[in-house]
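Below, each chain spelled out in residue letters.
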Amino acid sequence: MTDFGLILSGLGRKSFRTALLAFAIFIAFLIYTVLGAFRVSLETAGDASSETRLAVSNRINFTEPLPLAYLNRIQQVEGVKDVSYSMWFGGFFQEERNFLLAFAVEPDSYTRIYRDLNIPEDQRQAFVNSRDGLLVGRQTAERFGWTLGQQIPISSNIWRRRDGSNTWPVVIRAIYDGSDTQGAVAVYINYEYFDEARAFANDTVGNFNVQTVSPDVNDAVIRAIDSQFSNSRAETETVTEAAFQAAFIDQQGNLGLIILGVTGAAFSTVLLIVGNAMVGAVRERTGEIAVMKTLGFSSGRIGRIVVGETLLLSFIGGGLGLLIGWILLTGGRELLGGFSPFFGTLRFSPAVLWPALGFMLVLGGVTGLVPAWNAMRVNVITAFRRI
Amino acid sequence: MSEQALIELTNVAKTYRRGGETLSIFSDLNLTIPAGDFVAVMGPSGSGKTTLLNMLGGLDRPSSGTIMFDGAPIERLSENQLSAWRAANVGFIFQFYNLMPTMSAARNVELPLLLTSLSGRDRRERVRTALEIVGLADRMGHRPKELSGGQQQRVAIARAIVADPKLILADEPTGDLDRVTAQEILEMLQLLNRELGKTIVMVTHDPAAAKYAKRELHLDKGTFEERLT
Ligand SMILES: Nc1ncnc2c1ncn2[C@@H]1O[C@H](COP(=O)(O)OP(=O)(O)OP(=O)(O)O)[C@@H](O)[C@H]1O
Ligand SMILES: [Mg+2]
């Protein structure tokens, strides 16, 4: 047995209480990890490349299509630098459960606007120049073991081809790595190749993807586009990508503050719970501590053992919180990453990890302080008189 | 005297201050305990027996006077020095055993050895030997709750001797035991004194228990009265 053995035996004295305390710490760190990832994503969401991007969709509902013919008129709006378009493909690979986050896009303009997909230039060219090319996110390529040049069938649960099948054979021409603002999950097929074969709704798109010359003109461009098509067959609704990503938030700063508040409240609560419980735990052990002092354990060593207990507790609970948080984030990103690019950016970053280790140290140290001080002050003579 | 004095108290006084009053327990206590002695300390409740043991064990300090242990004064040591001194020189046996409830007998006995530089292997060997001496080698893995009172006290004795201290201090070690078990414990203390040469100071209320010692000291009103057994 060593001092570590004494620490374990101290924590093991009431294992149910220890488990509850570890659970409380676990919850605090889980909240921290998940909300922390949201915060990091929000802070990086509005960076340069996406601030000039707008999404144009049908006013009725973003699932309703828009005529491709709008392209020309949007291109002519002042302040518009580039326009592309995309259509939801509803894809899967071989079986329906192999869900693909797939879009049909105009390859050249789309990859110009979404530079932050990070496609190697030669592969980008290969995708743009091939009719049946497929652009694949690294995560999805790895998931299915796809490689460049491989021919695969991708199927749609929405669209049918004129020949009656629902499968488009494609060749993988490019694999992108994504970035802080883009996941690496979605796959993109050439709109033209898709559109010429589909049996209905030809020459329509789901969204126009607009790039403006500067974020300053966004509002003007939004107004110009939407007024252009008011009173027409399909009215449009244009929003910034940032707004689209965090439609539920008006001010990102406020959400950041709320997250900070929630995390702070969780930590203060846990600090009080654990600190208080450990003070009680040490009080229960007064007699045992007096015996140890009698045997010749110094006050300093006893104090260190008590702090060792709170540190160990903090690292067990905190470590579990990080682990489960990481699993949730990874799973959540894969499940939701495609529906909104925002979820695709959620990850377990060092910006979350390092402070977490610091918090564990602080939590363990601070909650150990008072109980350790009390343990060090246990007076052997009076302790035995009380026994 | 041919034997060397292990403990020597000279003009020891002890007062407690409570509120404005001062309570004097001893005013001028003198006592010599030679190495290898087995002393029973008796006396009425409140006469200061436990206070005396605490001072001998370096848990409490005299208000004045000196306590020499093996030729060196201990009352001037710092708290940390006293801790180290206790770990090396004194074994304690209590009335209510005071074992660690969450630890096995072996781990309880091992505790004082954590204050030495012995390797894990040497520690285990010493623990086994100590438990063999008290006849509990087959109960190493038992928790205090799984042992009888007498067995717990024997584990406590093993803990008191495992680091091989010169002095053993016992405060009413049989106070919580029935007569037969008490006799076993007292015989064990006698054996430690006789065979291992441990110097023992034992506080007891029981005249029959005191008979096991080599001599009896009666503490009353701050002074000793000695009776040889
Ligand atoms: N910390 C203290 N503060 C004040 N008075 C104390 C303190 N410790 C002991 N006393 C007093 O000193 C006296 C001697 O106490 P002590 O415990 O040494 O007696 P004792 O002989 O061991 O008694 P008993 O046989 O009941 O165990 C008692 O009157 C006690 O109240
Ligand atoms: Mg007493």
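Since we're looking at a predicted model, the values are computed, not measured. One numbering rule holds for all chains: residues counted from 1, following each sequence as written. Chains carry letters from A onward and ligands carry numbers from 1 onward, assigned in written order. Whole-chain, interface and lining totals are the exception, using all residues; otherwise, since this is a predicted model, local features are given only for residues with pLDDT of at least 70 and side-chain atom pairs are given and counted only at 80 or more. Side-chain calculation: all heavy atoms of the structure are included, whereas hydrogens and water are not.

*Asks:* I tried to follow the overall build of chain B on my own but got confused; where do I start?
*Replies:* Within chain B, the regular secondary structure consists of seven helices and 10 strands. Each residue is placed in one exposure class: buried if its accessible area under a 1.4 Å probe, protein chains only, is under 20% of its type's maximum, exposed if it is over 50%, and partly exposed if it falls in between. Looking at the 229 residues of chain B, the share that counts as buried comes to 53%. Whether two residues are in contact is decided by their heavy atoms, any of which lying within 4.5 Å being enough. In chain B, the share of contacts with a sequence separation of at least 24, taken over all contacts with a separation of at least 6, comes to 69%. Using a 1.4 Å probe, the Shrake-Rupley method yields the accessible areas, and only the shown protein chains count as cover for residues. Roughly 10400 Å² of accessible area belongs to chain B as shown, and the carbon and sulfur atoms make up 47% of that amount. The secondary structure listing takes helices from DSSP runs of H or I that are at least 4 residues long and strands from runs of E that are at least 2 residues long, numbered from the N terminus.

*Asks:* What exactly am I supposed to notice about the pattern of salt bridges here?
*Replies:* Residue and element names in this part refer to chain A. The working definition used for a salt bridge is a side-chain nitrogen of Lys or Arg within 4 Å of a carboxyl oxygen of Asp or Glu. Inspection of every chain in the model, using the stated rule, returns 28 salt bridges over all chains. For R53, the salt bridge goes to D116, with nearest N and O atoms at 2.9 Å. One end of the pair, R53, is in strand β1 (residues 53-58); the other, D116, is in the loop between α5 (107-113) and α6 (121-129), with 63 residues separating them in the sequence. Accessibility expressed as a relative area gives 1% for R53, which makes it buried.

*Asks:* Please clarify how the site of ligand 1 should be interpreted in this entry.
*Replies:* Proximity is defined per residue: any heavy atom of the residue falling within 4 Å of a molecule or strand makes that residue near it. What surrounds ligand 1 is a group of 14 residues, the closest being R385 of chain A together with S45, K49, T50 and T51 of chain B. Lying at an intersection of chains, ligand 1 is approached by residues of chains A and B. Here ligand 1 loses 76% of its free accessible area of 640 Å² to cover by the protein chains. For the shell around ligand 1, the elements supplying multiple residues, two or more each, are β1 (5-18) and α1 (49-56) of chain B. Residue contributions to the shell around ligand 1 peak at three residues, all from α1 of chain B.

*Asks:* Explain the confidence of the model for chain A to me, please; I cannot follow it from the model alone.
*Replies:* Caution is warranted with low-pLDDT regions, since their predicted coordinates should not be read in detail. The pLDDT score gives, residue by residue, the confidence of the prediction method on a 0 to 100 scale. Looking at chain A, the pLDDT average stands at 88 and 89% of residues meet or exceed 70. Confidence over residues 248-252 of chain A falls short of pLDDT 50; this stretch has three contacts with residues more than four positions distant or in other chains.

*Asks:* Would you mind going over the packing of aromatic side chains with me for this structure?
*Replies:* Each aromatic ring pair is described using two quantities: the centre-to-centre distance and the angle formed by the ring planes. Residue and element names in this part refer to chain A. Here is the rule: rings of Phe, Tyr and Trp (six-membered ring for Trp) pair when centre to centre is within 6.5 Å. Planes less than 30 degrees apart are stacked, more than 60 are edge-to-face, and the remainder are tilted. Applying the stated rule across the entire model yields 25 aromatic pairs over all chains. Ring centres of Y32 and F359 lie 5.4 Å apart, and the angle between their planes is 85°; this geometry places the pair in the edge-to-face category. Placement of Y32 in helix α2 (residues 15-45) and of F359 in helix α15 (residues 350-377) is noted, with a sequence separation of 327 residues between them. F359 gets classed as partly exposed once you look at its relative accessible area, which sits at 35%. Centroid distance F144 to W146: 4.9 Å. Interplanar angle 25°. Geometry classified as stacked. Taking the relative accessible area as the measure of exposure, W146 reaches 5% and is therefore buried. What links up through ring pairs into an aromatic cluster is the set Y85, F89, W159, W168, Y191, F194, F200 and F208. Positioned over the ring face of W168 is R161, at 5.2 Å from the centre of the ring. A cation over an aromatic ring shows up here: R198 above the ring of W159, its NZ or CZ 4.7 Å from the ring centre. Note on geometry: a ring has a charge over it if NZ (lysine) or CZ (arginine) is within 6 Å of the ring centre and within 35 degrees of the ring normal.

*Asks:* Please explain the interface of chain B and chain A as it appears in this structure.
*Replies:* By a widespread convention, an interface's size corresponds to the accessible area lost as its parts come together. At the junction of the two partners, chain B supplies 24 residues and chain A supplies 20 residues. The buried area of a pairing is the accessible area, by a 1.4 Å probe, that goes missing from both parts when the two are put together, added over both. The junction of chain B with chain A conceals about 2100 Å² of combined surface from both sides, 66% of it contributed by carbon and sulfur atoms. In terms of surface lost to chain A, no three residues of chain B exceed M100, L114 and L115 of chain B, which account for 24% of the buried area on that side. Across the contact surface, chain B and chain A share zero salt bridges. Whenever a nitrogen or oxygen atom comes within 3.5 Å of another N or O atom, the pair is scored as a polar contact, on the condition that within protein one atom can donate a hydrogen and the other can accept it, and that pairs from neighbouring residues in sequence are kept only if both atoms are in side chains. At the boundary of chain B with chain A, the tally comes to four residue pairs in polar contact (both at pLDDT 80 or more). Looking at the side of chain B that touches chain A, the elements with two or more residues in it are α1, α2 (79-89) and α3 (105-110) of chain B. Here the side of chain B that touches chain A gets five residues from one element, more than from any other, and that element is α2 of chain B.

*Asks:* Explain the environment of L260 of chain A here, please?
*Replies:* Following the sequence through the fold, L260 of chain A ends up in helix α11 (residues 252-284). On a C-alpha basis, the gap between L260 of chain A and Y32 of chain A in space is 8.8 Å, while along the polypeptide they are 228 residues apart.

*Asks:* Help me understand the side chain of T199 of chain B in this model?
*Replies:* Residue and element names in this part refer to chain B. As for its placement among the helices and strands, T199 is situated in strand β8 (residues 199-203). Among the residues examined, T199 registers a relative accessible area of 1% and is labelled buried. Not counting the four nearest positions on each side in its chain, T199 is found in contact with L6, I33, P34, A35, G36, D37, K166, L167 and I168.

*Asks:* Is there a simple way to think about the packing of helix α4 (residues 120-133) of chain B against helix α5 (residues 149-161) of chain B in this case?
*Replies:* Residues and elements named next belong to chain B. Axes here refer to lines fitted to C-alpha atoms; in helices the fit is confined to the stretch in contact. Angles between the N-to-C directions go from 0 to 180 degrees. Relative to each other, α4 and α5 sit at 130°, their axes nearing to 9 Å. Classed by the angle they form, the pair α4 and α5 counts as oblique. Considering the relative orientation of α4 and α5, their crossing is right-handed. Mapping the contact onto sequence places A130, L131 and I133 in α4 and V155, A158 and I161 in α5. Broken down by class, the residue content of the contact of α4 with α5 amounts to six nonpolar, no polar and no charged. Roughly parallel means an angle under 35 degrees; roughly antiparallel means over 145; roughly perpendicular covers 65 to 115; every other angle is labelled oblique. Put simply, a crossing is left-handed when the front helix is turned counterclockwise from the back one by less than a right angle, and right-handed when it is turned clockwise. Each residue gets one of three labels, nonpolar for Ala, Val, Leu, Ile, Met, Phe, Trp, Tyr, Cys and Pro, charged for Asp, Glu, Lys and Arg, and polar for the others, Gly among them.

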